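# Coordinate inspection notes
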Amino acid sequence: SKLQVDDNVKQMFAQPGPNWQQLIAKIHCPILLLAGDPEKGALFTQNDIQAISTLWQQGTAICVEGAGHMVHYDAFPAFIQEVKTFLDKLDRSK
């Protein structure tokens, strides 16, 4: 089945994506970035997170210990706690 991908689909994925750095800078609402451990498959290193943090206006970055790329799967209780904490802070700031 992997060899049966339509050429149009292949071309679509070969196109450069949007410049995510410019897109992040345009976001005006609060952002929560939950990252895991790169040694466990997470995409972002500490240096990446620091660089991303300089781009947004209202962002929070949290590294979740024990998680890899799928933070919500690898560390569900910590994921839920961090999301609740983030949302609680938003609610209190109104």
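Please refer to the structure higher up on the page.
Residues numbered from 1 in each chain as written. Predicted model: local features only at pLDDT ≥ 70, side-chain atom pairs only at ≥ 80, totals over all residues. Heavy atoms only, no water.

### Points about the overall build of the protein
The secondary structure content of the protein amounts to 5 helices and 2 strands. Secondary structure elements in the protein, listed N-terminal to C-terminal, are α-α-β-α-β-α-α. A globule of 94 residues ought to have a C-alpha radius of gyration of about 12 Å, yet the protein, at 17 Å, is considerably larger. Counting the 94 residues in the protein, one finds 17% classified as buried. Considering only contacts within the protein whose residues lie at least 6 apart along the sequence, 68% involve residues at least 24 apart. Surface accessibility of the protein: about 7500 Å² in total, with carbon and sulfur atoms responsible for 56%. Looking at charge distribution, the protein has the averaged site of its 8 positive side-chain charges lying 6 Å from that of its 10 negative ones. (Helix = DSSP H or I, 4+ residues; strand = E, 2+ residues; numbered from the N terminus. Rg over C-alpha atoms; globule rule 2.2 N^0.38 Å. Buried < 20%, exposed > 50% of the residue type's maximum accessible area, 1.4 Å probe, protein only. Contact = heavy atoms within 4.5 Å. Areas by Shrake-Rupley, 256 points an atom, 1.4 Å probe, with all protein chains shown as cover. Lys, Arg positive; Asp, Glu negative; His and termini not counted. Charge placed at Lys NZ, Arg CZ, Asp CG, Glu CD.)

### Details of the pairing of strand β2 (residues 59–63)
Both strand β1 (residues 31–35) and β2 contribute to a ladder of 5 bridges, which runs parallel. Counted as the bridge partner of Ala35 is Cys63 from β2. Taking the sense of rotation as the criterion, the β-α-β connection linking β1, helix α3 (residues 46–53) and β2 turns out right-handed. (Pairing = 2+ DSSP bridges. Right-handed = clockwise from strand over helix to strand, strands pointing away.)

### As for the layout of surface pockets
By volume, the largest pocket is sized at about 170 Å³. What lines the largest pocket is Leu34, Ala35, Gly36, Ala42, Leu43, Phe44, Gly68, His69, Met70, Val71, His72 and Phe79. Elements that contribute at least two residues to the lining of the largest pocket include exactly β1 and α4 (71–74). (1 Å grid on protein atoms, 1.4 Å probe; cavity = no way out; pocket = protein on both sides within 12 Å on 5 of 7 lines; lining within 4 Å. Points joined across faces, edges and corners; volume = space filled by probe spheres on them.)

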